[in-house]
Amino acid sequence: MNMDDVRDRGLVLLGCGKMGSAMLAGGLKGGLPAGSVWVTDPYPSDWLTAQGVHLNEALPPSPAIVLIAVKPQMMTEALPGIAALGGGATLFLSVAAGTTIATYEAVLGAGTPIVRAMPNTPAAIAKGITAITGNAKASEAHLRLAGALLSAVGQVVRLEGEHQMDAVTAVSGSGPAYVFHLIETLAAAGEAEGLPGPLALQLARATVAGAGALAEAAEEEPGQLRVNVTSPGGTTAAALNVLMDEARGFPALLKEAVHAAAERGRELGK
């Protein structure tokens, strides 16, 4: 199964909010014809309406792939409509948070190839990272096809299995919010030291974005990059004495935060 199959047999997109739109835009840009795409969405955006895809029409009988991008709370409504496509010929790729492979197998049948993916919001600007894992019926070709579709919105990594998904959710799925909060609080701290609010925010935003880009581009590990900018007894060292405190700094705080998110994911998955 490959992109030619998708062109010939069609891609069905169930839900086309931010994540669905980002993936669709990536696919169309990558050469997928609009005529090969069927989208089911009760509230299509103006952008979606203008793309020339089949919108809220009867679905093709045997699409190559069904991409499930509805909000988790809409899942019970959305799934019965595609249950008939289960059974093996069609790959189901889910980017819906918290919905387990077992939930899909219960509706679509255990003979259905299913790949579960956890993308994150930077996918909207093609800077995402998505972790994928498949069920027993998902072949190497299925995983490659899922990876090809998802690579339109950023990096793709494969997991050993679904048991790692809650940890991934806690690190990269929810992680952008932690970074946004870091920008917020760094700006507020700058303001407390006497900078005007807008300037403090501009400095914090550009610093976090720039450091992230450097961490990704550099060959050194983040720990080494930190050492490189820390002169003994200097200003950075004074700040890091606070942030790296094992009891109350980042080590304790982030471990606790990521654990709380992973635990919540496990509860929601039950």
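Residues numbered from 1 in each chain as written. Predicted model: local features only at pLDDT ≥ 70, side-chain atom pairs only at ≥ 80, totals over all residues. Heavy atoms only, no water.

A. Structural detail: the pairing of strand β4 (residues 65–68). Of the two faces of β4, the one holding I65 and L67 and the one holding V66 and I68 are both buried throughout. Across four bridges, the pairing between strand β1 (residues 11–14) and β4 is parallel. Bridge pairing links L14 to I68 in β4. (Buried < 20%, exposed > 50% of the residue type's maximum accessible area, 1.4 Å probe, protein only. Helix = DSSP H or I, 4+ residues; strand = E, 2+ residues; numbered from the N terminus. Pairing = 2+ DSSP bridges.)

B. How the structure looks around the sheet that holds strand β5 (residues 91–94). An order of β3-β2-β1-β4-β5-β6-β7-β8 is seen for the eight strands of this open sheet, with the pairing classed as mixed. The two strands at the open ends of the sheet, each matched to only one other strand, are β3 (54–55) and β8 (154–158). As paired strands, strand β6 (residues 114–118) and strand β7 (residues 128–134) are joined by four bridges and run antiparallel to one another. By the bridge assignment, M118 is partnered in β7 with A131. The sheet strands contacting helix α5 (residues 101–108) are β4, β5, β6 and β7, and the helix crosses β6 at an angle near 145 degrees. Along the sheet face, helix α7 (residues 165–173) touches β6 and β7 and points at about 35 degrees away from the line of β6. (Contact = heavy atoms within 4.5 Å. Axes fitted to C-alpha atoms, helices over the stretch in contact; angles between N-to-C directions.)

C. Fine view of the layout of surface pockets. The calculated volume of the second largest pocket comes to roughly 1100 Å³. Secondary-structure elements contributing two or more residues to the lining of the second largest pocket are α2 (18–29), α4 (75–78), β6, α7, α8 (175–192) and α12 (250–269). The element contributing the most residues to the lining of the second largest pocket is α12, with four residues. Of the residues contributing to the lining of the second largest pocket, the split by class is 23 nonpolar, 12 polar and seven charged. (1 Å grid on protein atoms, 1.4 Å probe; cavity = no way out; pocket = protein on both sides within 12 Å on 5 of 7 lines; lining within 4 Å. Points joined across faces, edges and corners; volume = space filled by probe spheres on them. Nonpolar A, V, L, I, M, F, W, Y, C, P; charged D, E, K, R; others polar.)

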